[in-house]
Every structure is written in structure tokens, then in C-alpha cells.
Amino acid sequence: MLYLTLRQFEYVSAVGRFGSLSGAAAQLNVSQPSLSVAITQVERRLGRKLFIRRRGAPVELTDFGRDYLAKVEDILSQARQLDDPARTRHATVGRLTLGLFEDLAPLHIGRLLDAVRSKLPGAEIRYRIADFETLARDMLQSRIDIAVTFDLGLDASFLRRPLTSVQPHALMRIDDPLADLQEVSLKDLSQRALILFEEGLSVRHVLGLFRRIGAEPVVHHRVRALEVMRSLAAHGEGIGIAYSGPLGGSAYDGEPLASVPITEDFAWEPIILARSLDGAKSAIVHPASQAIVDAFDHA
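Read on for an overview of the structure. (Residues numbered from 1 in each chain as written. Predicted model: local features only at pLDDT ≥ 70, side-chain atom pairs only at ≥ 80, totals over all residues. Heavy atoms only, no water.)

Overview of the overall build of the chain
Step number 1: From N to C terminus, the chain includes 11 helices and 13 strands.
Step number 2: Seen along its three principal axes, the alpha-carbon backbone of the chain occupies a region of about 75 × 45 × 40 Å.
Step number 3: The 299 residues of the chain split such that 50% are buried.
Step number 4: Counting contacts in the chain only where the partners sit at least 6 residues apart, residues at least 24 apart contribute 70% of the total.
Step number 5: For the chain, the separation between the mean place of its 35 positive charges and that of its 37 negative charges on side chains is 10 Å. (Helix = DSSP H or I, 4+ residues; strand = E, 2+ residues; numbered from the N terminus. Buried < 20%, exposed > 50% of the residue type's maximum accessible area, 1.4 Å probe, protein only. Contact = heavy atoms within 4.5 Å. Lys, Arg positive; Asp, Glu negative; His and termini not counted. Charge placed at Lys NZ, Arg CZ, Asp CG, Glu CD.)

Structure follows, in C-alpha cells:
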């Protein structure tokens with residue numbers, strides 16, 4: 001007799017994917033207390049903990065939970081095939097979660113999802129947009145299979161595949177003295193008030209570029225979102241430094257904005273496709289990865 005149901009497996013999958021009971025409950029359209037009880041019942045049946053749950057902290061998979069989640073995902077994938085065999089008869093099936101760094105997502109998510117779904121018809125493709133630390137943690141926790149991100153904050157636990165490199169730009173008012181230049185140097189910017197992202201790895205990276213030329217610039221604003229940086233820069237609150245666009249044109253409120261490339265070669269930053277070396281391996285990871293590589297090659 002089977003004591004665990006597909007519905008309970010869906011609960012385990014959702015909590016593992018979202019890293020929180022609240023996010024999983026919203027996705028499943030159930031109450032958070034009901035979901036918590038269901039997870040406890042599964043763990044009691046298994047006699048092992050799947051998740052580490054602490055108040056105010058993300059839910060983390062245990063080592064046992066990581067392996068168990070991979071098997072649960074396989075079972076759910078097979079159940080979907082049995083539920084609709086005609087749809088998947090000639091399709092590559094499975095489930096993949098693609099992670100994207102939050103500043104890169106608006107530029108790339110649409111065409112990357114198109115590319116992966118074209119390569120893997122019938123597979124269930126999900127995505128998660130997050131900051132550097134969340135992407136790294138979720139890859140290690142097998143919540144994300146592969147991620148498109150900058151090569152910041154990843155250690156030897158991750159496999160990297162270069163996709164392209166991007167040049168940073170300085171964002172400023174259109175009447176700024178630097179706005180009419182073809183390019184600016186870090187030295188040009190070193191005495192100006194800067195607008196940087198508040199994410200720690202991003203700030204350390206940009207300040208590290210200035211330290212390479214012996215400069216210690218002043219950070220006037222730290223922001224979470226690119227559009228906030230663009231708005232502040234357009235209104236003369238400082239010089240924004242960004243690797244992702246839209247870089248010129250106008251800010252979200254319509255204020256004109258200038259964007260000038262930063263000239264130093266060492267300031268270019270690679271965009272990579274990353275995955276955990278120890279993460280649960282799906283059969284569709286390789287073709288999905290190749291689809292993303294091809295999409296960047298033909299961009």
C-alpha cells in the first residue's frame with residue numbers, strides 16, 4: 001500500500017523550489033499551516049527531515065532532502081506523461097528551473113525561455129530571478145538547475161561556461177560635462193559621487209575596479225533596482241555604473257539620460273552559465289544549456 005500521494009509530492013516539490021512555505025503555499029493555493037502540516041506528515045512517514053525550517057530564514061533542503069527532491073521531480077514528471085501521453089509521445093520530458101540574475105533577466109529571459117522550450121518541447125521549464133547570493137544558494141540546494149549570471153561570488157563548487165562579456169557604462173544627466181564624450185575612464189569618474197547597487201558583491205566589484213587605479217570614490221546612493229539608478233542619475237544625483245541596459249535614452253519618469261562606455265578593458269565582465277557540481281542532475285540540463293549557449297552565440 002502507498003502511503004504518500006502525488007499531491008504530497010507536489011507539496012515537497014513546491015517547498016523545495018520556492019525555498020519558503022509562504023511562496024509554495026501561494027503557488028499551490030493552499031494555506032501555509034496546511035502545507036506545513038503536510039510536509040511534517042511526509043517527513044514523519046519517511047523518518048527523515050527533508051527541510052531545515054527556521055523562523056525568519058529561508059527553508060533549506062537537508063542532504064537527504066536534496067536527493068529525495070530529485071526523485072520526487074522524476075516521479076511527478078512521469079505522472080504528467082501518464083496523464084497526457086499524446087502530448088509527450090515525441091517530446092523531451094522533464095523539469096528544469098532556470099535562474100537569472102535580476103539585472104540580466106529583463107534583457108534575456110524572453111528569448112532564453114523561447115530557446116530552451118524550442119529545444120525541449122514537452123519539458124516543464126520554470127525560472128527564478130534573484131540576486132547573486134540567492135542564485136548560488138538555490139543551485140547548491142538543487143532548486144535551480146542552471147543560472148545565467150555574472151561571474152561574481154561563485155567558488156569551486158560551481159561549473160562555469162562563458163556566454164559573452166559586457167562593458168560597463170556610466171549613467172548621468174545629459175548636460176553633465178562627461179555626457180558628450182565617446183567613452184570615459186575610471187579616473188574621470190573617481191572624483192564624482194557614484195550611484196551603485198546595494199547588493200554586496202556588486203558594490204565590492206565596482207569599488208575593486210577603482211582600487212586597481214588607486215582611487216577611493218564616494219558612493220552617494222546605493223539602490224536595489226536599475227530603474228532607480230537610472231532615475232537618480234538622470235536627475236543629477238550622481239554617476240550610475242551599470243553592466244546591463246537599457247543604458248541610454250530616458251529614465252522611467254521620462255527624464256533624458258546619457259550613457260557613456262567605460263574604457264578600461266579590465267572592467268568588462270563575463271556573463272556565464274553556471275550550475276552546481278554537486279547538484280541533482282537532470283537529463284535535460286545538457287540540451288537546455290546548449291540551447292542557451294546557442295541563443296547567446298546568435299544574439
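Observations concerning the layout of surface pockets
Step number 1: There is about 190 Å³ of room inside the second largest pocket.
Step number 2: Considering the residues around the second largest pocket, the lining is formed by 14 residues, among which E10, L76, R80, R95 and R126 are closest to the centre.
Step number 3: Counting only elements with at least two residues in the lining of the second largest pocket, the list comes to α1 (6-18), α2 (21-28), α4 (63-83) and β4 (124-130).
Step number 4: Ranked by the residues each element gives to the lining of the second largest pocket, the list is headed by α1, at six residues. (1 Å grid on protein atoms, 1.4 Å probe; cavity = no way out; pocket = protein on both sides within 12 Å on 5 of 7 lines; lining within 4 Å. Points joined across faces, edges and corners; volume = space filled by probe spheres on them.)

Some details on empty space enclosed by the protein
Step number 1: If you walk through the whole model with that rule in mind, you get two cavities of 30 Å³ or more.
Step number 2: In this structure, the largest cavity occupies an estimated 180 Å³ of space.
Step number 3: Contributing to the lining of the largest cavity are 19 residues, with F101, D103, F197, S202 and Y243 lying nearest its centre.
Step number 4: Looking at the lining of the largest cavity, the elements with two or more residues in it are α9 (200-211) and β10 (239-242).
Step number 5: Ranked by the residues each element gives to the lining of the largest cavity, the list is headed by α9, at three residues.
Step number 6: Tallied by class, residues from the lining of the largest cavity come to 10 nonpolar, three polar and six charged. (Nonpolar A, V, L, I, M, F, W, Y, C, P; charged D, E, K, R; others polar.)

Topic: the pairing of strand β7 (residues 169-172)
Step number 1: Side chains of β7 alternate between two faces, with H169 and L171 and A170 and M172 buried alike.
Step number 2: As paired strands, β7 and β10 are joined by three bridges and run antiparallel to one another. What sits directly across from A170, in β10, is I241.
Step number 3: Relative to strand β12 (residues 256-261), β7 runs antiparallel, the two sharing four bridges. Paired with H169 across the two strands is P261, which belongs to β12. (Pairing = 2+ DSSP bridges.)

Quick word on the packing of α1 against α2
Step number 1: In contact at an axis separation of 8 Å, α1 and α2 are set at 130° when each is read in the N-to-C sense. Comparing their axes, α2 and α1 come out oblique. Helix-helix and strand crossings are classified by hand; for α1 and α2 the assignment is right-handed. On α2, the residues that touch R7, E10, Y11, A14, V15, R17 and F18 of α1 are L21, G23, A24, Q27 and L28.
Step number 2: Residue composition of the contact of α1 with α2, by class: seven nonpolar, two polar and three charged. (Axes fitted to C-alpha atoms, helices over the stretch in contact; angles between N-to-C directions. Parallel < 35°, antiparallel > 145°, perpendicular 65-115°, else oblique. Left-handed = near helix turned anticlockwise from the far one by under 90°.)

Considering the sheet that holds β10
Step number 1: If you walk across this open sheet you meet the six strands as β9-β8-β10-β7-β12-β11, and the pairing is mixed. Both edges of this open sheet fall to β9 (219-223) and β11 (249-250), since each of them pairs with a single strand only.
Step number 2: Of the strands in this sheet, β8 (194-197), β9 and β10 touch α9, which is tilted by about 140° from β8.
Step number 3: Those strands touched by helix α10 (residues 226-234) are β7, β8, β9, β10, β11 and β12, and its axis lies near 175° from that of β8.

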